[in-house]
Amino acid sequence: PGIDTNSIGISGGSQGGLHGLWAMADRLPVKAVSSDVIVPEWATDMLMNGSVRRTAVLLMKSTRVSYAPVRDTLWDYIRSDQYDNLLAAFTAGRDVDTAALNSATVPSLRFLKWQDHYFSAADGIAAFLNYGGPKKMYLGTSGHFSDQVESERLYHFDQVTRWLSYHLKGIDNGIMDEPVFTFAESSLPMDSAGYFLWTRTGLDAWPPPGVQPYRFYLSADSTLTYSAPSAPSVSLFLENIHADSSYTFDTGYIEGFRGPLLESALPRRVLSFESEPLPWDVEWIGSPRMELHVSSPSVNFPLHAQIYEIDTGGMKYFVNRINYTARNWPGGDGVVTADGLAHAHRFTVVSRIRLELTNIDVTNRIDLGSYPFVLPMFADAEVTIHADASRLSYIELPLAQSPLGVDVAGIPPSSGPALLQNYPNPFNGTTAIAAIIPAAGGATLSIYNVIGQEVDRLIDGDIGPGRHAFRWDASGHPTGVYFVRLSVTARRGSTGGIDPVHAVKKLMLMR
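These notes cover the structure that comes with them. (Residues numbered from 1 in each chain as written. Predicted model: local features only at pLDDT ≥ 70, side-chain atom pairs only at ≥ 80, totals over all residues. Heavy atoms only, no water.)

On to the overall build of the protein, then. Along the backbone of the protein there are ten helices and 28 strands. The globule rule puts the C-alpha radius of gyration for 511 residues at 24 Å, and the 26 Å found for the protein is close to it. With the C-alpha coordinates of the protein rotated into their principal frame, the extents come out at 80 × 65 × 40 Å. Here the protein, with 511 residues, has 51% of them falling under the buried criterion. The contacts in the protein between residues at least 6 apart in sequence include a share of 74% that link residues at least 24 apart. On the protein, roughly 21700 Å² of surface is accessible, and the fraction owed to carbon and sulfur atoms is 53%. (Helix = DSSP H or I, 4+ residues; strand = E, 2+ residues; numbered from the N terminus. Rg over C-alpha atoms; globule rule 2.2 N^0.38 Å. Buried < 20%, exposed > 50% of the residue type's maximum accessible area, 1.4 Å probe, protein only. Contact = heavy atoms within 4.5 Å. Areas by Shrake-Rupley, 256 points an atom, 1.4 Å probe, with all protein chains shown as cover.)

Another aspect to go through is helix α7 (residues 121-129). Residues of α7 that are buried include every one of Ala 121, Gly 124, Ile 125, Ala 127 and Phe 128, and no others. Each buried residue of α7 sits inside an arc of 165° when the element is viewed along its axis, so together they form one side. (Arc of directions from axis to C-beta.)

Take a nonpolar patch on the surface next. Among the surface-exposed residues, Val 450, Ile 451, Phe 483 and Val 504 lie close enough to one another that they form a single nonpolar patch of about 390 Å² accessible area. Within the secondary structure, Phe 483 sits in strand β27 (residues 480-490). (Patch = residues over 30% accessible without salt bridge, like charges linked within 9 Å, V, L, I, M, F, W, Y side chains within 5 Å. Salt bridge = Lys/Arg side-chain N within 4 Å of Asp/Glu carboxyl O.)

Summarising the element assignment, Asp 191 is placed in the loop between β5 (181-187) and β6 (197-203). For Asp 191, a relative accessible area of 40% corresponds to the partly exposed category. Counting along the chain gives 50 residues from Asp 191 to Ile 241, while the straight-line C-alpha distance between them is 36 Å.

It is worth spelling out the environment of Leu 74 at this point. Mapping Leu 74 onto the fold places it in helix α4 (residues 70-79). The spacing of Leu 74 and Phe 90 is 16 residues in sequence and 6.9 Å in space, taken between C-alpha atoms. When residues no more than four places from it in sequence are discounted, the contact partners of Leu 74 are Met 60, Leu 86, Ala 89, Phe 90 and Arg 94.

Take the pattern of salt bridges next. Opposite charge on two side chains permits them to pair, given that their charged atoms come into close proximity. One pass over the structure, following the stated rule, counts 25 salt bridges. We note a salt bridge from Glu 356 to Lys 316, for which the minimum N-O separation is 2.6 Å. One end of the pair, Glu 356, is in strand β19 (residues 352-358); the other, Lys 316, is in strand β15 (residues 316-322), and 40 residues separate them in sequence. Salt-bridge contacts for Arg 457 lead to Glu 454; the nearest nitrogen and oxygen are separated by 2.9 Å. Accessibility expressed as a relative area gives 37% for Glu 454, which makes it partly exposed. When salt bridges that share partners are traced, they join Arg 268, Glu 274, Lys 316, Arg 354 and Glu 356 into one network.

Met 24, Trp 42, Phe 90, Trp 114, Leu 139, Phe 183 and Trp 206 are the most contacted members of the largest nonpolar core, which has 69 residues in total. If you look at the next biggest cluster of nonpolar residues, it comprises 46 residues, including Leu 238, Ile 322, Leu 357 and Leu 420. (Core = buried A, V, L, I, M, F, W, Y, C linked by side-chain atoms within 4.5 Å.)

What follows is about the packing of α4 against helix α5 (residues 83-91). Packing of α4 against α5 brings their axes to within 9 Å, and their N-to-C directions diverge by 150°. Put simply, α4 runs roughly antiparallel to α5. Crossing of α4 over α5 shows left-handed handedness. Counting all contacts with α4, which are made through Leu 74, Tyr 77 and Ile 78, the residues of α5 involved are Asn 85, Leu 86, Ala 89 and Phe 90. The class makeup of the residues in the contact of α4 with α5 is six nonpolar, one polar and no charged. (Axes fitted to C-alpha atoms, helices over the stretch in contact; angles between N-to-C directions. Parallel < 35°, antiparallel > 145°, perpendicular 65-115°, else oblique. Left-handed = near helix turned anticlockwise from the far one by under 90°. Nonpolar A, V, L, I, M, F, W, Y, C, P; charged D, E, K, R; others polar.)

Our next topic: the packing of aromatic side chains. Scanning all chains against the criterion turns up 22 aromatic pairs. Centroid distance Phe 183 to Trp 206: 5.5 Å. Interplanar angle 80°. Geometry classified as edge-to-face. Of this pair, Phe 183 sits in strand β5 while Trp 206 sits in the loop between β6 and β7 (212-218), placing them 23 residues apart in sequence. For Phe 183, a relative accessible area of 4% translates into the label buried. By relative accessible area, which is 15% here, Trp 206 ends up buried. For the cation-ring pair, Lys 61 lies above Trp 75, with the distance from its terminal atom to the ring centre recorded as 4.6 Å. Stacked on the ring of Phe 128, the Lys or Arg Lys 135 has its end atom at 4.8 Å from the ring centre. (Phe/Tyr/Trp six-rings, centres within 6.5 Å; stacked < 30°, edge-to-face > 60°. Lys NZ or Arg CZ within 6 Å of the ring centre and 35° of its normal.)

What follows covers the sheet that holds strand β10 (residues 270-274). Reading across from one edge, β10-β19-β14-β15 is the order of the four strands in this open sheet, with antiparallel pairing throughout. Edge positions in the sheet fall to β10 and β15, since each of these pairs with one other strand and no more. Between one strand axis and the next, the sheet turns through 25° on average, direction left out of account. Here strand β14 (residues 304-310) pairs with β15 via six bridges, running antiparallel. (Pairing = 2+ DSSP bridges.)

This part takes up unusual backbone geometry. Leaving glycine out, the prevailing phi sign among residues is negative, and the prevailing peptide bond configuration is trans. Cis geometry marks the peptide bond from Leu 188 to Pro 189, where omega comes out at 10°. By the secondary structure assignment, Pro 189 is in the loop between β5 and β6. For the peptide bond that leads from Trp 206 to Pro 207, omega is 0°, which places it in the cis range. Here Pro 207 is to be found in the loop between β6 and β7. Its identity as a non-glycine residue notwithstanding, Arg 27 has a phi of 60°, on the positive side.

Let's shift gears to the side chain of Asp 147. Inspection of the secondary structure assignment puts Asp 147 in the loop between β4 (135-140) and α8 (150-169). Since its relative accessible area comes to 0%, Asp 147 is described here as buried.

Set out below in structure tokens:
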């Protein structure tokens, strides 16, 4: 009684959000939908890149989900690692018909979470971009085991309330005048609960402007380099050993796929790589990707990538991942290409980016980090990763700022000295300045005001080759335009000659 049946909306999360998407695709007479932590192709998404998310097990065994006989069949496929059968049986008829969904015109508000343990934000973004009706999207945190942040929860509640009030009750609250996309990015510091600091940004198009793919190459010395390695015949070995055959999938399930018995029966192996310190804050926005040249005699093998931020104290903080499990590998050499989970994260100046390749995807994250994100493989397997001049292996991160100002999607840097644009610019207080020096020599790096007076000098003397990062503290200088000038003279006999090379960049100090 008292309900206007011509003005019905649906709001829900996870399976509840799926009901909203189904209602739109099936043309039910609803006037607005809000769906949280769900993507249209949710079933396919849970089996991404040959891997089975651990949360699929939670679905199969949950007492909160209605039982059907097919559940036992699906469970047997999981426990016996019959991936192809599982993929065919689980996804059939479960994904939302995206063609029907995208041709709907119901106002659609959608929320996706970067750290979601069930569904990948990238799949939800792709579906949203193809939707033709009135729409808004939030990308951030709070839900399906992502960081719990009160400001983001309250923002979520406000958006849902105002969305339904506008579309169901006709209350003009200005929500349709706000940006189509709102995303929150994580960054350090992390709080005592193990949650990042989250900062929200609004924009009307996706991806954000300036985001480019930057490649970080694997090197034999365990570094991530910005240019392709030149060393020949470098190979890195990763194995998955099922040391105790009596410890089976069923035993692992009972123990939650963690604990000392599992670690003994199925030891974790890790290959680690780290970048140089970042010259300024660098934003990762979008899906990571890996391309690895490998060889393996195994039919199936796991090869997961984890991306961390390493702070100046050497502490590592897990950001996000790429999961891959080879299925029906033909043997011998091949290339593994896989996209990972989309994220928005700001790496802090002087931090390092760390990549870990592993057979079992557990992390040091406080919330559920000790549980494998995808199910481990209870079988012997091995893979060799090649990282040499003829077989380039790398991860690719979509970044809004260059970590060096070079090597966008594999484009090599110039051979001469380079002065990079400071970041941030404009700035208030301090800014980061980086220079690339190809050969050892003498250098000066000076700051000038608009009338040509030198107000500060950051370098004065010999400098070695490589990338060098500096911070200029302008707290004692007035607002205005400044210039940074790099002058480099290579030593006699070094690449680059002995004539001085000069470069100038414009800085904007704003109080």
